[in-house]
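# Observations on the three-dimensional arrangement
Now for the letters of each chain:
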Amino acid sequence: MKHNILGKAGLPVSAIGLGASSLGGGVFGNVEEAVAIRTVHAAIACGVTLIDVSPFYGNTRAESVLGKALKNIPRDRFILSTKVGRYGDNEFDFSAGRVVRSVDESLQRLGTDFVDILYAHDVEYGELKAIAEETIPALYRSVEKGKARHIGVTGYPLAALNTLVENAELECVLTYNHCALNDATLLDFLPAWAQKKIGVISAGAFSQGLLVSDRLPSWHPAPEEVRRACGEAVRFVRSQGISPAKLAIQYATTQ
């Protein structure tokens, strides 16, 4: 497994990480706990060291299951991140007080004393000025208390993330679906973010399944025209004897 240094945070992370959202079930359907735990162990055995989760995933279940999976794994074997600010489909609280409580709750579920990266989750649903002036300082206070090593923000709209990059002191940014075969707009922002030595994590190399399956769940946000075009591409790639998933991962990691 190739490893990269994550910006000024200096963390050596595997080029491919494990997004633990599906461990909580929810929109991904029922996931048996034993299967979820084996998935984590298999990822680590393959050299994955970066594992990302959130209390929002599966209504805290993903964190709890991940905590069980990591229970007997040496802490220096993985880089762990979780988030604050989003707790339900329409439940957001980026206040400093909630940050403090959320971190303690997550650490208890994860069975660890600290996380390596603590993110403000889906910042586009909050007021960006307040996140810069209240939430991010609260994240840094968690670092001062030894409950996190580094901080960052996550979200979908690149413009919102860039606003925080320009108006707050950030170490990491996580976004999704923007460094994929059908959408590479993240690449437009990388030079400026790299200049600030911000570690960038790109989730969603499959565009939430768009690039690996021609049958998508009803909740998928892609418009019909995009669904149709990507479905045709997936079928073509398969007809050439190539794995769509492998192709998507290769593209994302080479960027």
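The present account deals with the structure reproduced in this document. Quick caveat, the model's predicted, so the values are computed rather than measured.

Quick notes on the rules
- Residues numbered from 1 in each chain as written.
- Predicted model: local features only at pLDDT ≥ 70, side-chain atom pairs only at ≥ 80, totals over all residues.
- Heavy atoms only, no water.
- Axes fitted to C-alpha atoms, helices over the stretch in contact; angles between N-to-C directions.
- Helix = DSSP H or I, 4+ residues; strand = E, 2+ residues; numbered from the N terminus.
- Parallel < 35°, antiparallel > 145°, perpendicular 65-115°, else oblique.
- Left-handed = near helix turned anticlockwise from the far one by under 90°.
- Contact = heavy atoms within 4.5 Å.
- Nonpolar A, V, L, I, M, F, W, Y, C, P; charged D, E, K, R; others polar.
- Pairing = 2+ DSSP bridges.
- 1 Å grid on protein atoms, 1.4 Å probe; cavity = no way out; pocket = protein on both sides within 12 Å on 5 of 7 lines; lining within 4 Å.
- Points joined across faces, edges and corners; volume = space filled by probe spheres on them.
- Buried < 20%, exposed > 50% of the residue type's maximum accessible area, 1.4 Å probe, protein only.
- Polar contact = N/O pair within 3.5 Å; in protein donor to acceptor, adjacent residues only side chain to side chain.
- Disulfide = S-S within 2.5 Å.
- Salt bridge = Lys/Arg side-chain N within 4 Å of Asp/Glu carboxyl O.
- Phe/Tyr/Trp six-rings, centres within 6.5 Å; stacked < 30°, edge-to-face > 60°.
- Lys NZ or Arg CZ within 6 Å of the ring centre and 35° of its normal.

### So, the packing of helix 1 (residues 33-45) against helix 2 (residues 61-69)
Interhelical geometry of helix 1 versus helix 2 gives an angle of 60° and a closest axis separation of 9 Å. Viewed along their axes, helix 1 and helix 2 adopt a mutual orientation that is oblique. For the pair helix 1 and helix 2, the crossing hand works out as right-handed. On the side of helix 1, the interface is formed by Glu 33, Ala 36, Ile 37, Val 40 and His 41, while helix 2 contributes Arg 61, Val 65, Leu 66, Lys 68 and Ala 69. In terms of residue class, the contact of helix 1 with helix 2 is made up of six nonpolar, one polar and three charged.

### Some points on unusual backbone geometry
The backbone phi angle of Asp 122 is positive, close to 50°, even though this residue is not glycine. You can see Asp 122 is positioned in the loop between strand 8 (115-120) and helix 4 (128-144). Its identity as a non-glycine residue notwithstanding, Lys 197 has a phi of 60°, on the positive side.

### Let's talk about the side chain of His 220
Locating His 220 in the fold gives a position in the loop between strand 11 (199-203) and helix 7 (224-239). Among residues more than four places away in sequence, those in contact with His 220 are Ser 207, Gln 208, Leu 210 and Arg 227.

### Remarks on the sheet that holds strand 9 (residues 148-154)
Read from one edge to the other, the open sheet built from seven strands follows the order 3-4-5-8-9-10-11, with strand pairing classed as parallel. On the outer flanks of this sheet lie strand 3 (18-19) and strand 11, each paired with one strand and no other. Sheet topology note: the strand 10 (residues 172-176)/strand 11 ladder contains five bridges and is parallel. When the bridges of strand 11 are listed, Tyr 176 appears paired with Ala 203.

### Looking at empty space enclosed by the protein
All chains considered together, the criterion is met by one cavity of 30 Å³ or more. Surrounding the largest cavity, Val 100, Val 103, Asp 104, Ala 138, Arg 141, Ser 142, Lys 145 and Lys 147 form its lining. For the lining of the largest cavity, the per-class residue count stands at three nonpolar, one polar and four charged.

### Some points on the environment of Glu 127
Here Glu 127 is to be found in the loop between strand 8 and helix 4. Using a relative accessible area of 49% as the deciding quantity, one classes Glu 127 as partly exposed. For the pair formed by Glu 127 and Phe 94, sequence separation is 33 residues and the distance between their alpha carbons is 8.8 Å. Polar side-chain contacts of Glu 127 include one of 2.9 Å to the backbone nitrogen of Ala 130.

### Regarding the state of the cysteines
Considering all chains together, one arrives at zero disulfides under this definition. Sulfur of Cys 230: no disulfide; nearest cysteine sulfur belongs to Cys 179 and is 15 Å away.

### Some remarks on the pattern of salt bridges
Enumeration according to the criterion identifies ten salt bridges in this entry. Note that Glu 169 and Lys 8 form a salt bridge whose closest N and O atoms lie 2.7 Å from each other. Note that Glu 169 is positioned in the loop between helix 5 (158-167) and strand 10 and Lys 8 in the loop between strand 1 (3-6) and strand 2 (11-14), a separation of 161 residues in sequence. Overall, the relative accessible area of 34% leaves Lys 8 in the partly exposed class.

### Details of the packing of helix 2 against helix 3 (residues 96-110)
Orientation of helix 2 relative to helix 3, taken along the N-to-C sense of each, is 40°, at an axis distance of 7 Å. Classified by the interaxial angle, the pair formed by helix 2 and helix 3 is oblique. For the pair helix 2 and helix 3, contact is made by Glu 63, Ser 64, Leu 66 and Gly 67 and by Ser 106, Arg 109 and Leu 110, respectively. A per-class count over the contact of helix 2 with helix 3 returns two nonpolar, three polar and two charged.

### Section: the packing of aromatic side chains
For any pair of aromatic rings, geometry is given as the distance between the ring centres together with the angle between the planes. One pass over the full model with this rule turns up five aromatic pairs. With 6.5 Å between their ring centres and 15° between their planes, Phe 92 and Phe 94 make a pair best called stacked. Residue classification places Phe 92 among the partly exposed residues on the basis of a relative accessible area of 24%. For Phe 94, a relative accessible area of 11% gives the class buried. In textbook terms, an aromatic cluster arises when at least three aromatic residues are bridged by ring pairs, as seen for Phe 92, Phe 94 and Tyr 125. Here the guanidinium or amino end of Arg 75 rests over the ring plane of Phe 114, the centre of that ring lying 4.2 Å away. Sitting over the ring of Tyr 87, Arg 98 keeps its end group 4.3 Å from the ring centre.

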